[in-house]
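A structural walkthrough
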Protein chains: 2
Amino acid sequence: MSPSGDPRARLSLNQATTRKQWTLREAIEGCSRHGLRALSVWPDKLAECGIGEARRLLADHGMAVASFCLGGLFPAGHDRFDDHRRMLDSAAAIGARCIVAVVGTLDPAAKDLAAARRRIEDGLRSLLPHARALGVPLALEPIHPMRAGDLCCVNTLAQANDLCDALGDGLGIVVDVHHVWWDPGLERELARAGGRIRVFQLCDWLRDTAALRDDRGMMGDGVIDLPLIRRWVDAAGYDGFYDVEIMSERTWWQRDADEVVDTCIERFRTAC
Amino acid sequence: MSPSGDPRARLSLNQATTRKQWTLREAIEGCSRHGLRALSVWPDKLAECGIGEARRLLADHGMAVASFCLGGLFPAGHDRFDDHRRMLDSAAAIGARCIVAVVGTLDPAAKDLAAARRRIEDGLRSLLPHARALGVPLALEPIHPMRAGDLCCVNTLAQANDLCDALGDGLGIVVDVHHVWWDPGLERELARAGGRIRVFQLCDWLRDTAALRDDRGMMGDGVIDLPLIRRWVDAAGYDGFYDVEIMSERTWWQRDADEVVDTCIERFRTAC
């Protein structure tokens, strides 16, 4: 059990951080062993484990689900609504506090960013009633502009706030330092987001980042002023989990997962 | 000679596109051979050639210098002002239409983006009188947010416009599609930039871009709606060169430079 003041009480392990090492069962057991009380779950890991077994493991270990991480919503073509609804059902079934919505981007043949952004707004409008009915917020994740070409064309917190203004209840926002740390409007847009912030994700931006994918750093190893951004997020009223999401092909996916979690806890204490 | 209506009359080869293949002499001769009337010059290539020889070659071939491309201005430490002034002198000496200013970014130890942005504004304010005296505009290049950690923390056209508003005459802006194509405020900020646009740079964003450096695509091979952005730039009143800047480790730096230039001309005609 975490004593009061133990940083582990607010820390969450995002499964992406130990994707190469741990199944969902191993992640739940590992988090529990290290004194964490929450993790974020990915659909492929949940499918492998099964929803019934996942619910049992989460309950047995008293583990909260900080978020359920969906990628690839609303790709060009717009034909996966049944899949999306089933994903929301899965998220609700494991008690996820929010669904991380990484929306799609432009059709590479049409090259029309404005059309893609309209399509995404329409897609969110269609999906929101189901998310509202389930009581699970659909949390928009502004994704770094370097992934606008292949993953997501909501690239700033301002865009996410604008979508929340336009679409109303049931939407929220994911703030991941990796994606937003560079934004000159960050402080203002975090204050504007306020209670919309459903999960706050931590990692670091390595000065020698070389690859667009899976090259994130451990907190403290990069150039982000994490205590400053954490203060801004806290000042916006955030009281949820600090979710550590480090996709790292070169370092952290190569290490023993228990060492990774130990390092996350230590760095959360010393660098955030 | 370019007949009227020949797209080569407005096309410029940025030396970065043939960095691995051509010296400055070879680039000037190569551009001339392919019917181009302008190129953009890099300091290392100019130093290797020598200013006197470069002036002679440019004059002999009737070649304009669309821009002189400086990186690494105002690094943390702020102590290279004499170097910067000498670079401006070199740009003026070869008749460059503008100096591309890629300003620096944060000190990785201090991790203070706001301080870095203030330092850069101060640095520009100090350097501007010399640029004004030489009559060569110092053109700010908003650099893709993925390089905020190691290269430049002016990452949007809005920031560049704000700096121009604050610092006045003598500043301009470089618009490089690679850096700004994703920006939801692009159309508005291009209109706001208007006559500040000193050079407009072309390439493409490959959907499978993997590396943060030197992984650009040839016009037409990626996802950018180049005709649309070109229309916005033209509508802002731009009448300068279309400067092709493609740093491409995997493809274009591996090809024969004459083939590269032929492809640039063809794609400018068909994809822009």
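Described in the following lines is the structure provided in the data block.

**A short note on the overall build of chain A**
- The number of helices and strands found in chain A is 10 helices and 8 strands.
- Here chain A has a C-alpha radius of gyration of 18 Å; the compact-globule value for 272 residues is 19 Å, and the two agree.
- Dimensions of chain A, computed from the C-alpha atoms along their principal axes, are close to 50 × 40 × 35 Å.
- Counting all 272 residues of chain A, 57% fall into the buried class.
- Residue pairs in contact within chain A that sit at least 24 positions apart in sequence constitute 77% of those at least 6 positions apart.
- Summed over all atoms, the accessible surface of chain A reaches about 10100 Å², with 47% contributed by carbon and sulfur.
- If you average the places of the 34 positive and of the 40 negative side-chain charges in chain A, the two averages end up 2 Å apart.

**Focus: the packing of helix H6 (residues 157-167) of chain B against helix H8 (residues 186-193) of chain B**
Residue and element names in this part refer to chain B.
- At a closest axis distance of 9 Å, the pairing of H6 and H8 adopts a crossing angle of 25°. On the basis of the axis angle, H6 is roughly parallel to H8. The handedness of the crossing between H6 and H8 comes out as left-handed. Residues Leu-157, Ala-158, Asn-161, Asp-162 and Asp-165 of H6 form the contact with H8, whose own contacting residues are Leu-186, Glu-189, Leu-190, Arg-192 and Ala-193.
- A per-class count over the contact of H6 with H8 returns 5 nonpolar, 1 polar and 4 charged.

**Quick look at the relation of the copies chain B and chain A**
- For these two chains of identical sequence, chain B goes onto chain A by a turn of 180° and a shift of 0.0 Å along the axis, with RMSD 0.0 Å. The two molecules are tied by a two-fold rotation axis, judged by turn and shift. Residue Ala211(B) of chain B places its C-alpha closer to the rotation axis than any other residue of that unit, at 2.3 Å.

**Some thoughts on the pattern of salt bridges**
- Evaluated as defined, the whole model comprises 52 salt bridges over all chains.
- Residue Arg216(A) pairs with Glu245(A) through a salt bridge whose shortest N-O separation is 3.5 Å. Of this pair, Arg216(A) sits in the loop between strand S7 (197-202) and helix H9 (226-235) while Glu245(A) is found in the loop between strand S8 (242-244) and helix H10 (257-271), placing the two residues 29 residues apart along the sequence. Each member of the pair, Arg216(A) together with Glu245(A), is buried.
- Taking the shortest distance from any N to any O, the salt bridge between Arg56(B) and Asp60(B) comes out at 2.8 Å.

**Regarding the interface of chain B and chain A**
- Counting from both sides, the interface comprises 31 residues of chain B and, opposite them, 31 residues of chain A.
- Carbon and sulfur atoms make up 64% of the area that chain B and chain A hide from each other, which totals about 2500 Å².
- It is Lys111(B), Trp182(B) and Arg207(B) that lose the most area in chain B upon contact with chain A, and together they represent 25% of the buried surface on that side.
- Scanning the region where chain B abuts chain A turns up 8 residue pairs in polar contact (both at pLDDT 80 or more).
- Here the side of chain B that touches chain A is composed, by residue class, of 15 nonpolar, 9 polar and 7 charged.

**Focus: the packing of aromatic side chains**
All names here are of chain A.
- Within this structure, the stated rule accounts for 11 aromatic pairs over all chains.
- Seen from their ring centres, Phe-200 and Tyr-238 are 6.3 Å apart, and the 75° between their planes marks the pair as edge-to-face. Separated by 38 residues along the polypeptide, Phe-200 in strand S7 and Tyr-238 in the loop between H9 and S8 bring together distant segments of the chain.
- Judged by centre distance (5.3 Å) and plane angle (40°), the ring pair of Tyr-242 and Phe-268 falls under tilted. Within this pair, whereas Tyr-242 is found in strand S8, its partner Phe-268 is found in helix H10, the two being separated by 26 residues in sequence.

About the cut-offs
- Starting from 1, residues in each chain are numbered consecutively following that chain's sequence as written.
- Here chains are named by letter from A upward and ligands by number from 1 upward, in the order in which they appear as written.
- The model is predicted, so local features are restricted to residues of pLDDT at least 70 and side-chain atom pairs to those at 80 or more, both for listing and for counting; the totals for chains, interfaces and linings are taken over all residues.
- Here the side-chain values reflect all heavy atoms present in the structure, with hydrogen atoms and water set aside.
- What counts as a helix is a DSSP run of H or I of at least four residues, what counts as a strand is a run of E of at least two, and both are numbered from the N terminus.
- We compute the radius of gyration over the C-alpha atoms and compare it with the globule rule, which gives 2.2 Å times the number of residues raised to the power 0.38.
- Between buried and exposed lies partly exposed: a residue is buried under 20% and exposed over 50% of the maximum accessible area for its type, with that area taken using a 1.4 Å probe on protein chains only.
- The contact criterion used throughout is that any non-hydrogen atoms of two residues lie within 4.5 Å.
- A 1.4 Å probe and the Shrake-Rupley method give the accessible areas. Residues count as covered only by the protein chains that appear here.
- All tallies of charge rest on Lys and Arg as positive and Asp and Glu as negative; His and the ends of each chain are not included.
- To locate a charge, take NZ of a lysine, CZ of an arginine, CG of an aspartate or CD of a glutamate.
- Every axis in this analysis is a line fitted to C-alpha atoms, fitted for helices over the stretch in contact. Angles between the N-to-C directions lie between 0 and 180 degrees.
- Our angle categories are set so that under 35 degrees counts as roughly parallel, over 145 as roughly antiparallel, 65 to 115 as roughly perpendicular, and the remainder as oblique.
- Rotating anticlockwise by less than a right angle from the far helix to the near helix defines a left-handed crossing, while the corresponding clockwise rotation defines a right-handed one.
- The nonpolar class holds Ala, Val, Leu, Ile, Met, Phe, Trp, Tyr, Cys and Pro. Asp, Glu, Lys and Arg form the charged class, and all remaining residues, Gly among them, are polar.
- Our superposition of the copies is a least-squares fit, built on the C-alpha atoms of residues whose pLDDT is at least 70 in both.
- The term salt bridge refers to a pairing of a side-chain nitrogen on Lys or Arg with a carboxyl oxygen on Asp or Glu at a separation within 4 Å.
- Note on terms: buried area is the combined drop in 1.4 Å-probe accessible area of two parts once they are placed together, counting the loss on both.
- We call two N or O atoms a polar contact when they sit within 3.5 Å, provided that within protein one can donate a hydrogen and the other can accept it, with sequence-adjacent residues counted only if both atoms are side-chain atoms.
- Only rings of Phe, Tyr and Trp enter the pairing, Trp through its six-membered ring, and a pair is recorded when the two centres are within 6.5 Å. The plane angle decides the type: under 30 degrees is stacked, over 60 is edge-to-face, the rest tilted.

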